[in-house]
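If you want the building blocks of each chain, they are given just below.
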Amino acid sequence: QVQLVESGGGLVQAGGSLRLSCVASGRTFSRYIMGWFRQAPGKEREFVGAITWSGGSTSYADSVKGRFTVSRDNAKNTVYLQMNSLKPEDTAVYYCAADRRFIGIQAAMTAYDYWGQGTQVTVSS
């Protein structure tokens, strides 16, 4: 069993930056692909980005490419989402998730086995 706890959300003005963190419990964190998703009010949860177990490969949604960066520190059991040049449309609850399979980065929610409780990010215009 893996528990994920996100932090770092908050209120920021458009153009600003935030860094989200997700700390995982469990000894096998380094084996998981870690993903970030977000859900805005009235919308479905959507893929934001993900990183392989080694950190050697990442993938991003087109809407955040070039502005967001996913990284991880396996020694700290932590994955990060650095968000720059934030826009009001980035406002959402952000979730981290863990995929324990070894088939590469997946954008589908169903590929992820464990989820955090989410952290709110609000971008004001």
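Peer 1: What am I meant to see in the state of the cysteines here?
Peer 2: As used here, a disulfide is simply a covalent bond connecting the sulfur atoms of two cysteines. Enumeration over the complete set of coordinates arrives at 1 disulfide. Across a sulfur-sulfur distance of 1.9 Å, cysteine 22 and cysteine 96 are joined as a disulfide pair. A torsion of 45° about the S-S bond marks the disulfide between cysteine 22 and cysteine 96 as right-handed. With cysteine 22 in strand β3 (residues 18-24) and cysteine 96 in strand β9 (residues 92-99), this pair connects stretches of sequence that are 74 residues apart.

Peer 1: Is there a simple way to explain the pairing of β9 in this structure?
Peer 2: Within a regular strand, side chains alternate between the sheet's two faces. A large share of β9 lies buried, amounting to 7 of its 8 residues. With 7 bridges joining them, strand β4 (residues 33-39) and β9 adopt antiparallel strand pairing. Within the sheet, the bridge partner assigned to arginine 38 lies in β9 and is tyrosine 94. As paired elements, β9 and strand β11 (residues 119-124) share 3 bridges and run antiparallel to each other.

Peer 1: Teacher, can you tell me more about the sheet that holds strand β8 (residues 78-83) here?
Peer 2: Backbone hydrogen bonds are what pair the strands of a sheet, in a parallel or an antiparallel way. Read from one edge of the open sheet, 4 strands run β1-β3-β8-β7, paired in antiparallel fashion. The open sheet has two free edges, formed respectively by β1 (4-7) and β7 (68-73), since each of these has just one partner strand. With strand direction ignored, the average angle separating the axes of adjacent strands in the sheet is 15°. In this sheet, β8 lies alongside β3 in antiparallel orientation, the contact comprising 6 bridges. Paired with valine 23 across the strands is threonine 78, a residue of β8.

Peer 1: What is the right way to look at the nonpolar core in this model?
Peer 2: One recurring pattern in soluble globular proteins: nonpolar side chains tend to sit buried together. Ranked by internal contacts, the top residues of the largest apolar core, which has 37 residues, are Leu4, Met34, Trp36, Leu81, Met83 and Tyr94. Counting residues per element, the ones that place at least two in this core are β3, β4, β5 (46-51), β7, β8, β9 and β11. Ranked by residue count, the leading element in this core is β9, at 5 residues. Every residue in contact with leucine 4, bar those within four places of it in the chain, is listed here: Cys22, Val23, Ala24, Met34, Cys96, Ala97, Ala98, Tyr114, Trp115, Gly116 and Gln117.

The rules behind each value
- Residues numbered from 1 in each chain as written.
- Predicted model: local features only at pLDDT ≥ 70, side-chain atom pairs only at ≥ 80, totals over all residues.
- Heavy atoms only, no water.
- Disulfide = S-S within 2.5 Å.
- Helix = DSSP H or I, 4+ residues; strand = E, 2+ residues; numbered from the N terminus.
- Buried < 20%, exposed > 50% of the residue type's maximum accessible area, 1.4 Å probe, protein only.
- Pairing = 2+ DSSP bridges.
- Axes fitted to C-alpha atoms, helices over the stretch in contact; angles between N-to-C directions.
- Core = buried A, V, L, I, M, F, W, Y, C linked by side-chain atoms within 4.5 Å.
- Contact = heavy atoms within 4.5 Å.

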